[in-house]
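Breakdown of the fold
Each chain, letter by letter, is given below.
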Amino acid sequence: MAKQRVAKLLSTATGLILTIAISFAIVILLILVLSDEPGRAIYFFFIGPFTKAYYLGNMLNQSIGLMFTGLGIAVAFKSSTFNLGGEGQAYSGALVATVILLALPNMPGIVGGPAALIGAVVIGAFVAGLSGFFKMRWGTDQLISSFLVSSAVILIVNYFVTGPLDDPTNSMLTTARIAEQYQLLLIFKPSKLDISIFFAVATAIGTYFFMQRSHWGYEMRMCGINREFSKYAGINVGKYLLVPMAISGGFHGLAGGITVMGTHYRCLKGVTAGLGWNGIAVALIAKNNPLAVIPAALFFAYLDAGAKAAMLHADVTFELAKIAQGVIFFLVTAQALYGLFDSKKKRKKVAR
Amino acid sequence: MAYLQMHGITKLYPASGVLANDAVDLSVEENEIHAVIGENGAGKSTLMKLLYGLEQPDAGEIHFRGKHVAIRDPLAANRLGIGMVHQHFKLVPDFTVAENVVLGMEPRKQGLFIDRQSAVKDVTKVIEEHGFSIDPKQKAKDLTVGQMQQVEIVKMLYRNAELLILDEPTSVLTEQEIESLFATLGNLLSRGKTIILITHKLDEVTHMSHRVTVMRGGKVVAVRNTSDVDKRELSRLMVGKDILLQVNRGPTTYGDTVLEMKEISIRCRGQERPLLDRIDLQVRSGELVGIAGVGGNGLAEIEDVIGGLRGATQGSMFLNGVDVTSFSSEQLREAGLAYVPADRLHRGASLPSTVRENCIVTKHHDFLRAGVLQRRDVREFTRHLIDQFSIAASEGMPAGNLSGGNIQKMILARELSGQSNFILFSEPTWGLDIASSQFVYEKMLELRERGAGVLLISSNLDEILGLADTILVLYRGRVVGRLENTDTLSKEIIGEYMLGLRDDSHGPHETNQTEVRRG
């Protein structure tokens, strides 16, 4: 069995590496056509993130939030629940964490910090859980309800950040700065990389074991694969329309809280923008495997850092950078999705 | 040559190993109503799927109007003038009748826009010509079931169908609607159409058809002129006489009641006939109760109610004396239910999951220590089941890699591992080969000897007659026969109950049966 598993993993990995190679080739071609200094552009696009400790650290820092949101989506998708509301969940997590920390300016970091993160998890879980509850109660489509609820939540958070919580001493649209003791330890100065990357990696490993080995994880996976079978076997399938959503939302809230405490130290307007959508991308690349979320998030962050470096150091425009990123991303997700459909097709064949 | 000639049609489903059609010949004359009858799984639906291009035969030829034809898909069938009305209607609820009818071949304006006016006009013409009573501008969701069926027929006529296949057309209709359908069929006949009527209802055959082809086990067993046969003979042809089953059913003593249903009914809104009509049922320990019936008469519903997958709208149910009427499937499992479902590939097993995960699903709580599944225990348990039931599998394999018989063994192993004193088996040998079936039978009898109460729901008469102590026959959701399985009981008698020719009950709840006349 172990042999089979390794073989399967290898074939998945070779497929992925091949796709990445092809997409890189296309990007190189694009740059060759569109850039006046293609050598420089290509160098910074692919090697740029590794040229300076500052870039490398920031790239790693960016992957932290993506790991959390990617995990959130992976858990939801594995259970066949659908969470498109990551943006709002992460943003509300950022706000609640900030509010808690601003309310406790004199607590020791070891007390206030966890309190803020718990608050972020709870709000994220609540926002996503709403969609789970709607689905359980009235059969509302989760894709739509999670997206709509999240869109509304973004506006509400915007109101607080730019209204009652706005810091008048700062010209940016932001809340006040959180106290020193809550700011996570930077471990790779001068970059913004902070200690929470270890937490993110540990969380991914923990989630993997949770899904594979725990009672809830098992029931969630079974519901995700075959709801009728699960119901027949006496699993409370209604519960697992809600629980995975809440867990997913909790991860998103956590991503928001960590972004505030580790990187920005305040809740700026749109501080978590992109984390939710990109989390879906990360989960797709990882094929919803919590362990694979780690490299997938790193890869995503690497692409972004490369695009930034190429813009800064070569004549690569913002548009070209985004197109290049898009090409790679499109092919890699398509490959991941193809695998998904492929296994479904096989399943159907057997079922017949 | 006949109008439609199917010759040597063979179809094998490799995944399940079922030979659905075995060198089948069917010949239909122009302008006749030709009934194709048989029990569930006799192969009649498969044959029609092949004729309508939904599936491709492995061997055999189709000649239609004197020409050899290959029918690749339903569109090709339509082009040839073959139309099919499915048992389950395929209408868009928010579209009007006219829009539904023209869907896929809409009349165009300037080659781009749908010409709604001429759509309505064309559809009205078809409706009026054939004397239907539907309004082309009405939305499909507002129609009665009978009207929806009319829309389906109009759809085929709009596509110029000359040969109409009707798959179990009366299964969802009320008596009045059936009568009106028969009138419609008569009308179509007078306009020169040819009709193939697939059914397992003998009334329809004797009232409507000119000729009848009887299928059993994927083969044609008889072709008759309807005027030359009576219902009893047809029912004998359908169920057959050869008993293959070899089991030793020893004597037994009954103990306490383990499962009891009292007046269980399922009524659906908008449907006159209940799916289950005041079912009383009792299974005692040491007793094997068989529920026989043709599919569509309430067998699946009883399975769903007992399994907790569907609530009854009326009545109550007791498991070991506990009122479990409103229990969820989860609570039922806790109350000791064990159950082998009819749909073993989807409901009974999760094919992408490993054998291990399939084996522990009903009792994974037993393998937890501090909320964590103990892998060694799971592995040991699964290996034990694999050995005990000699399942040809390894524990880490996806269940989908197993053969049908081994999947069923895996389900049996799981359901029997809990030592429940009540076990429900629904169609447990459907599609299995003889050796696997035999295995299932032995297990069922073992349980009965052990003193468990066993309920067997099956449309296979051989197994009901070979195994059950008490036999209940369902017809149209009612228990029409409650029989002790003695030596005098024969397949023919049960078959007559199953087909509604005998009825010991006091008729349906709401008596609004009208005599069905020849259209």
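Note that this is a predicted model, so its numbers are computed, not measured. (Residues numbered from 1 in each chain as written. Chains lettered and ligands numbered in written order. Predicted model: local features only at pLDDT ≥ 70, side-chain atom pairs only at ≥ 80, totals over all residues. Heavy atoms only, no water.)

On to the environment of B:Thr184. Residue and element names in this part refer to chain B. By secondary structure assignment, the location of Thr 184 is in helix H6 (residues 175–190). For Thr 184, a relative accessible area of 9% puts it in the buried group. With 22 residues separating them along the chain, Thr 184 and Glu 162 place their C-alpha atoms 15 Å apart. (Helix = DSSP H or I, 4+ residues; strand = E, 2+ residues; numbered from the N terminus. Buried < 20%, exposed > 50% of the residue type's maximum accessible area, 1.4 Å probe, protein only.)

Residues and elements named next belong to chain B. Here we have 4 strands laid out as an open sheet, ordered E2-E1-E4-E5, and antiparallel in their pairing. With partners counted over all chains shown, the strands left at the sheet margins are strand E2 (18–28) and strand E5 (67–69), one partner each. Adjacent strand axes in the sheet meet at a mean angle of 25° when their direction is disregarded. Of the pairings in the sheet, the one linking strand E4 (residues 59–64) to E5 comprises 3 bridges and is antiparallel in character. By the bridge assignment for E5, Phe 64 is matched with Lys 67. Each of strand E1 (4–13), E2 and E4 touches helix H1 (residues 44–51); the most contacted strand, E1, lies at about 115° to it. (Pairing = 2+ DSSP bridges. Axes fitted to C-alpha atoms, helices over the stretch in contact; angles between N-to-C directions. Contact = heavy atoms within 4.5 Å.)

For the structure on display, the rule yields 18 aromatic pairs over all chains. Note on A:Tyr43 and A:Phe44: the rings are 5.1 Å apart at their centroids and 85° apart in plane angle, and the pair reads as edge-to-face. Here A:Tyr54 and A:Tyr55 contribute two aromatic rings whose centre-to-centre distance is 6.2 Å and whose plane-to-plane angle is 50°, an arrangement assigned as tilted. When its relative accessible area of 40% is taken as the criterion, A:Tyr54 is described as partly exposed. Joined through ring pairs, the aromatic side chains of A:Phe24, A:Phe45 and A:Phe46 make up one cluster. Stacked on the ring of B:Phe389, the Lys or Arg B:Lys443 has its end atom at 4.5 Å from the ring centre. (Phe/Tyr/Trp six-rings, centres within 6.5 Å; stacked < 30°, edge-to-face > 60°. Lys NZ or Arg CZ within 6 Å of the ring centre and 35° of its normal.)

Before going further, it helps to examine the domain arrangement of chain B. Residues and elements named next belong to chain B. Partitioning chain B into domains gives domain 1 (4–239) and domain 2 (257–498). Here the C-alpha centroids of domain 1 and domain 2 sit 34 Å apart. Domain 1 puts 15 residues into the contact, and the matching count from domain 2 is 12 residues. Buried area between domain 1 and domain 2, both sides added, is near 1,300 Å², and the carbon and sulfur share of it is 45%. The interface formed by domain 1 and domain 2 holds 1 salt bridge in total. Ionic pairing is found between Glu 496 and Arg 232, a salt bridge with its closest N-O pair at 2.6 Å. In terms of residues, the side of domain 1 that touches domain 2 owes the most to one element, helix H8 (residues 231–239), which gives 4 residues. (Domains from an automatic or database assignment. Buried area = accessible area lost by both parts, 1.4 Å probe. Salt bridge = Lys/Arg side-chain N within 4 Å of Asp/Glu carboxyl O.)

On to the nonpolar core. Nonpolar side chains in soluble globular proteins generally cluster together in the buried interior. Judged by nonpolar contacts, the single largest core of 174 residues is most densely connected at B:Ile306, B:Phe422, B:Phe425, B:Leu455 and B:Ile494. Broken down by element, the residue count for this core peaks at 13 residues, all from helix H12 (residues 290–313) of chain A. The two domains that each donate at least three residues to this core are domain 1 (4–239) and domain 2 (257–498) of chain B. In contact with B:Phe422, other than residues within four places in its own chain, are B:Val258, B:Leu259, B:Val283, B:Ile306, B:Leu319, B:Gly336, B:Leu337, B:Ala338, B:Gly453 and B:Leu455. Grouped together as the second largest cluster of nonpolar side chains are 61 residues, B:Met48, B:Ala77, B:Leu143 and B:Met156 included. (Core = buried A, V, L, I, M, F, W, Y, C linked by side-chain atoms within 4.5 Å.)

Per-residue pLDDT for chain A averages 88, and the proportion of residues at 70 or more is 94%. Counting contacts from residues 342–352 of chain A, a segment whose pLDDT is below 50, to residues more than four positions away or on other chains yields 11 contacts. (pLDDT = per-residue confidence, 0-100.)

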